[in-house]
Amino acid sequence: MDFKCAEELLETLAWISVPLDKLDRDLAEITDADERESLKKHFSALLKAFYGIQGDISEQYRDLDPMFGGFEKYALLRKKYETDSFNVEIPSEERIKQAMMTAEAIRNFSQNSEK
């Protein structure tokens with residue numbers, strides 16, 4: 001996939017992530033443990049697919065990786081899709097700085113491994 005396609009997929013994932021986070025919170029409120037666990041199994045399948053797509057994007061474009069190089073961008077994308085019932089917090093400057101430092105360390109490790 002080209003970079004533009006990866007960016008568009010990432011935006012879609014950001015959009016999906018907000019209701020997924022809300023769903024996770026709502027499922028945790030189910031008092032019947034058996035029912036909650038049954039529904040959580042379905043939720044786990046959703047998350048597996050979600051993170052699979054996210055991982056494929058991250059592998060190809062480290063600068064879009066929502067956990068590291070694209071941490072701030074992804075947080076801002078998510079913020080666009082918050083709702084009245086589910087607010088999205090923007091990470092602190094310190095957390096963004098940590099993510100960028102980790103991304104740089106991963107990039108350096110990858111480049112050194114290829115040599």
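What comes next is a walk through the structure. Remember, predicted model here, so these are calculated numbers, not experimental data.

1. Description of the side chain of Arg-78
In this fold, Arg-78 is placed in helix α3 (residues 71-80). Given the relative accessible area of 14%, Arg-78 is considered buried. Sequence-distant contacts of Arg-78, defined by excluding residues within four places in its chain, comprise Ala-14, Ser-17, Val-18, Asp-21, Phe-86 and Val-88.

2. Topic: the environment of Ile-30
Its place among the elements puts Ile-30 in the loop between α1 (3-28) and α2 (33-60). Setting aside chain neighbours within four positions, we find Ile-30 in contact with Glu-35, Arg-36 and Leu-39.

3. Overview of the pattern of salt bridges
The full count for this structure, using the stated rule, is nine salt bridges. Here Arg-62 ties to Asp-65 by a salt bridge, and the two come within 3.9 Å at their closest N and O atoms. Judged by its relative accessible area of 32%, Arg-62 is partly exposed. Given the relative accessible area of 6%, Asp-65 is considered buried. Between Lys-79 and Glu-82 there is a salt bridge whose closest N-O contact spans 3.0 Å. Of the residues examined, Lys-79 reaches a relative accessible area of 32% and is grouped as partly exposed. According to the relative accessible area criterion, Glu-82 is partly exposed, its value standing at 29%. When salt bridges with common partners are traced through the structure, they connect Glu-59, Arg-62 and Asp-65 into a single cluster.

Analysis parameters
- Residues numbered from 1 in each chain as written.
- Predicted model: local features only at pLDDT ≥ 70, side-chain atom pairs only at ≥ 80, totals over all residues.
- Heavy atoms only, no water.
- Helix = DSSP H or I, 4+ residues; strand = E, 2+ residues; numbered from the N terminus.
- Buried < 20%, exposed > 50% of the residue type's maximum accessible area, 1.4 Å probe, protein only.
- Contact = heavy atoms within 4.5 Å.
- Salt bridge = Lys/Arg side-chain N within 4 Å of Asp/Glu carboxyl O.

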